[in-house]
Amino acid sequence: MVFFETLQLGIENVFSIGPLLLIAGGVLFGIIFGAIPGLTATLAVALLLPFTYGLGPYNGLSLLLGIYVGAISGGLISATLLKIPGTPSSIVTTFDAYPMAKNGKPLEALSIGVFSSLIGGIFSTIILIIIAPQLARIALQFGPWEYFSLGIFGLSVIASLSAKNINKGLIATLIGMLIATVGMDPVTAHPRFTLGFLQMEGGFSPLATMLGFYAATQIFLDSREVNIDTTAIALEKKRNLLTMPFKLVRHQIINFLRSSVIGTFIGILPGAGGSTAGFIAYDQAKKASHQKEKFGTGHYEGIIASETSNNAVTGGALIPMMTLGIPGDVVTAILLGGLMIHGLQPGPLLFRDNADVVGTIFVALFVANVMMYIIELGLMRKLARMIQVPKHFLLPTIMMMCVIGVFSLNNRVFDMWVLLVFGVLGYIFIKNEIPPAPIVLGYILTDIIERNWRIAVMSERGDVTPFFTRPISVVLLLLALVSILYPIISERISDKRKNHAD
Amino acid sequence: MLKSDIGIGVFLFLLSLFFFADSYNITQSTISAPMAGASFFPRVVSILLAASSIYLIIKALVQKRREKNETAESAKEDTVDQPEAGTPNEQAVLVMVVATTLYIFVIPIVGYLITTIAFMSGTSLYLGSIHKKHPWYITVLVAIGISLAAYVLFSTVLSVFLPQGILI
């Protein structure tokens, strides 16, 4: 019964004029951001996060979730018309949507994509609503040992998936962890690595760190390419788009379902995001299809697999973030920040103490998906033109919003400098193939990992064996070990094969 | 210029060395278990980072030697290294970094509006100059428009704290 009360509270909070307008606005903003190549979903959510502080938790979360859903879906527009994924999660969409658009059917490609986004989004929202409360109940029994091991597991997956080279993934994670240790320590509040500066005692603020490594770095990367012109495929001028994909649904139920499940599951896993889900779902759809040879030439099954799965990631990724307080990817790490600026601590207790907020997230996510479908199809002609918006206005505006946003949250000039320095560092790191995602997640998860490690060790007077004797903890640690060792071993094997072939 | 595994490795090694050394300056509380202290965790992380950056350096050195041997064999074959048309413009990064530095430096002194207009106009003019899409005054007008619109949005709808200086 608590379950329905939660949903009811959510419906009450979301279905009023303010939140609905904010969701719609967020979805539109997100779609535009997602559609413009170089601007990612992560950037869109991070950029508006500081400005949600004044809106209160319901309105603020509605806006952020709208942006998240819109941005993940919006990537398909430029993937279809430019062959450039607007956001990394729609890389796979380019495989089939672009050829289809090139064959003179851009509207059909887009409407299949948008419809698939809707199905994936709604499916994962339903899974989120069903699973999250159950998982939260289980998580109530977790002690510091389990949380420590969960954090380590999360980091190991991120380190091994996000870089081509596991050593660089590890390095990135460790950099993030070191950055997080600056400032007061989480248990006894001793200042660390402050170099004697009072401003450093607060540490590097999460927002400045995330916007630095994600937004500022991205702006520097994009500013190199302002002079590169792209040509988009023009939309054909005919009938409305809304009716088209429904014919496909009957034949493609299995594909929709399979891709939704894959996307949701990948979303739940820490570290793996929309692009991974897209690749796996595409691969599976190809294996199961009767028309394998058509994949890659503009085949609708490919678009369905990719767009359904990458949008299904949204609901899945929220599950560990909400129930355990452990974000699975950078976007949810930022959404976690969106909860924390309102004094809400994600985790199992959120479900018990803040049922109103939980319900709001559930309902807002559902509404955001429906609105995404309506807005994206309804405004498709306008949106298709927007993917070639002049970057020389866009990049300075985003940089300005980062600087102001970072400043406004704490009124600290220091935070603006943190943003800039981390932006430059992030740029240098990317040039050297050290990815920013593990840095940010290493930074975010360190607090959980260190705090729980120390509480666990203290409570057992220095004994660390419970980490290896408690069943959930030891399984998670073993999984962490596997995810670090697997890429190393498979790299060795493929190296050996290559040498043999030579 | 910025791309070097050895350079990055050395930088990160020194960084982790600093963190390791400075961890001895952390005041320890009287908690009995040393592994639960405030300096244990940073020390472990800095040791791991030092180890992986050394590995990075070694790997880069080995690769360099191997490449040297290979290029010695095939040096005459191809020395074509021409930049393609429409290549990334590295100079733009430097301009953006300098402009942002100035922006952050000046904004607490002069305040939001004037500084933002200057920053937006300057960077838009520079980035737009590569394109030459429209005359300069249009660019400046749009930049001023965006700054003003953002000002109204920040101060009314979103009630955001803006940096305030001698001018607004």
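Since the model is a prediction, treat every value here as computed from it, not as a measurement.

K.L.:
When you look at the overall build of chain A in this model, what are you seeing that I'm missing?
P.N.:
The helix and strand inventory of chain A stands at 21 helices and two strands. For 502 residues, the compact-globule estimate of 2.2 N^0.38 gives 23 Å, and the C-alpha radius of gyration of chain A, at 22 Å, lies within 12% of that figure. By the burial criterion, 62% of the 502 residues in chain A qualify as buried. In chain A, once contacts between residues fewer than 6 apart in sequence are set aside, the share between residues at least 24 apart is 79%. Side chains of chain A give 33 positive and 28 negative charges; the mean places of these two sets differ by 9 Å.

K.L.:
Quick question: what am I supposed to make of the overall build of chain B here?
P.N.:
Helices and strands together make up the secondary structure of chain B, namely five helices and zero strands. Helices and strands appear in chain B in the N-to-C order α-α-α-α-α. Counting the 168 residues in chain B, one finds 34% classified as buried. Taking contacts inside chain B between residues at least 6 apart in sequence as the whole, the part at least 24 apart equals 67%. About 10500 Å² of surface is accessible on chain B, with carbon and sulfur atoms providing 67% of the total.

K.L.:
How do you make sense of the interface of chain B and chain A when you look at a structure like this?
P.N.:
Facing the 73 residues of chain B at the interface are 65 residues of chain A. Carbon and sulfur atoms supply 77% of the area buried between chain B and chain A, which totals about 6100 Å² over both sides. Counting every contact that joins chain B to chain A gives three salt bridges. At the surface where chain B touches chain A, the tally comes to eight residue pairs in polar contact (both at pLDDT 80 or more). Looking at the side of chain B that touches chain A, the elements that each hand over two or more residues are α1 (5–22), α2 (40–73), α3 (90–110), α4 (112–129) and α5 (136–157) of chain B.

K.L.:
When you look at empty space enclosed by the protein in this model, what are you seeing that I'm missing?
P.N.:
Over the atoms rolls a probe the size of a water molecule, and its path tells where empty space is left. Residue and element names in this part refer to chain A. Taken as a whole and assessed by the stated rule, the structure comprises one cavity of 30 Å³ or more. Estimated volume of the largest cavity: approximately 30 Å³. Lining the largest cavity we find L61, L65, L318, M321, L335, L339 and I361. Taken together, the elements giving at least two residues each to the lining of the largest cavity come down to α4 (57–81), α12 (300–324) and α13 (330–340). A breakdown of the residues in the lining of the largest cavity according to their chemical character gives seven nonpolar, no polar and no charged.

K.L.:
What is the right way to look at the layout of surface pockets in this model?
P.N.:
All names here are of chain A. In this model, the second largest pocket occupies a volume close to 1200 Å³. Contributing to the lining of the second largest pocket are 47 residues, with M340, Q345, I444, D447 and R451 lying nearest its centre. Where the lining of the second largest pocket is concerned, the elements lending two or more residues are α8 (166–181), β1 (183–184), α9 (206–223), α13, α14 (348–353), α17 (391–410) and α19 (436–459). Take the lining of the second largest pocket: its biggest share by element is eight residues, from α19.

K.L.:
Would you explain the packing of aromatic side chains in this entry?
P.N.:
For any pair of aromatic rings, geometry is given as the distance between the ring centres together with the angle between the planes. On inspection of all chains with the given rule, the structure shows 20 aromatic pairs over all chains. Note on F95 of chain A and Y282 of chain A: the rings are 5.3 Å apart at their centroids and 80° apart in plane angle, and the pair reads as edge-to-face. Taken as a pair, F95 of chain A in helix α5 (residues 93–102) and Y282 of chain A in helix α11 (residues 274–288) lie far apart in primary sequence, 187 residues in all. Residue classification places Y282 of chain A among the buried residues on the basis of a relative accessible area of 9%. Pairing F148 of chain A with W453 of chain A gives two aromatic rings, centres 5.3 Å apart and planes at 45°, and the pair type is tilted. Placement of F148 of chain A in helix α7 (residues 144–162) and of W453 of chain A in helix α19 is noted, with a sequence separation of 305 residues between them. W453 of chain A matches F148 of chain A in its accessibility class, with the two residues each being buried. An aromatic cluster is built from F95, F279, Y282 and F295 of chain A, whose rings are joined through pairwise contacts. Directly above the ring of Y24 of chain B sits R43 of chain B, whose terminal nitrogen or CZ lies 4.0 Å from the centroid.

K.L.:
Hey, could you run me through the nonpolar core in this one?
P.N.:
Nonpolar side chains in soluble globular proteins tend to end up buried together. Judged by nonpolar contacts, the single largest core of 197 residues is most densely connected at I77, M400 and I404 of chain A together with Y112 and F154 of chain B. The greatest single-element share of this core, amounting to 14 residues, is contributed by helix α15 (residues 355–378) of chain A. Every residue in contact with I404 of chain A, bar those within four places of it in the chain, is listed here: F51 of chain A together with Y103, I107, Y112, F154, V160, L162 and P163 of chain B.

K.L.:
Got a minute to help me understand the pattern of salt bridges in this structure?
P.N.:
Side chains that differ in charge, positive against negative, can pair when their charged atoms come close. Going through the model one piece at a time under the given rule, you end up with twelve salt bridges over all chains. Put simply, D5 of chain B and K168 of chain A hold a salt bridge, and the shortest N to O gap is 2.9 Å. Remark: K168 of chain A occurs in helix α8 and D5 of chain B occurs in helix α1; the pair is interchain, linking two chains. Exposure remark for K168 of chain A: the relative accessible area of 3% places this residue in the buried category. Note that D283 of chain A is salt-bridged to K287 of chain A, the shortest N-O span being 3.6 Å. Taken together, the residues span about one helical turn, with D283 of chain A and K287 of chain A both in helix α11 at a distance of four residues. Residue classification places D283 of chain A among the partly exposed positions, given a relative accessible area of 36%. For K287 of chain A, a relative accessible area of 53% corresponds to the exposed category. One network of salt bridges, with partners in common, ties together D185, R192, E450 and R454 of chain A.

K.L.:
Mind showing me how you'd approach unusual backbone geometry here?
P.N.:
Unusually for a residue other than glycine, K83 of chain A sits at a positive phi of about 65°. Counting through the fold element by element, K83 of chain A comes out in the loop between α4 and α5.

K.L.:
Just to check I follow, could you spell out the side chain of T116 of chain B for this structure?
P.N.:
Structurally, T116 of chain B can be placed in helix α4. When near neighbours in sequence (up to four residues on either side) are disregarded, T116 of chain B contacts M400 of chain A together with Y103, I107 and S147 of chain B.

Each value, and the rule that gives it
Residues numbered from 1 in each chain as written. Chains lettered and ligands numbered in written order. Predicted model: local features only at pLDDT ≥ 70, side-chain atom pairs only at ≥ 80, totals over all residues. Heavy atoms only, no water. Helix = DSSP H or I, 4+ residues; strand = E, 2+ residues; numbered from the N terminus. Rg over C-alpha atoms; globule rule 2.2 N^0.38 Å. Buried < 20%, exposed > 50% of the residue type's maximum accessible area, 1.4 Å probe, protein only. Contact = heavy atoms within 4.5 Å. Lys, Arg positive; Asp, Glu negative; His and termini not counted. Charge placed at Lys NZ, Arg CZ, Asp CG, Glu CD. Areas by Shrake-Rupley, 256 points an atom, 1.4 Å probe, with all protein chains shown as cover. Buried area = accessible area lost by both parts, 1.4 Å probe. Salt bridge = Lys/Arg side-chain N within 4 Å of Asp/Glu carboxyl O. Polar contact = N/O pair within 3.5 Å; in protein donor to acceptor, adjacent residues only side chain to side chain. 1 Å grid on protein atoms, 1.4 Å probe; cavity = no way out; pocket = protein on both sides within 12 Å on 5 of 7 lines; lining within 4 Å. Points joined across faces, edges and corners; volume = space filled by probe spheres on them. Nonpolar A, V, L, I, M, F, W, Y, C, P; charged D, E, K, R; others polar. Phe/Tyr/Trp six-rings, centres within 6.5 Å; stacked < 30°, edge-to-face > 60°. Lys NZ or Arg CZ within 6 Å of the ring centre and 35° of its normal. Core = buried A, V, L, I, M, F, W, Y, C linked by side-chain atoms within 4.5 Å.

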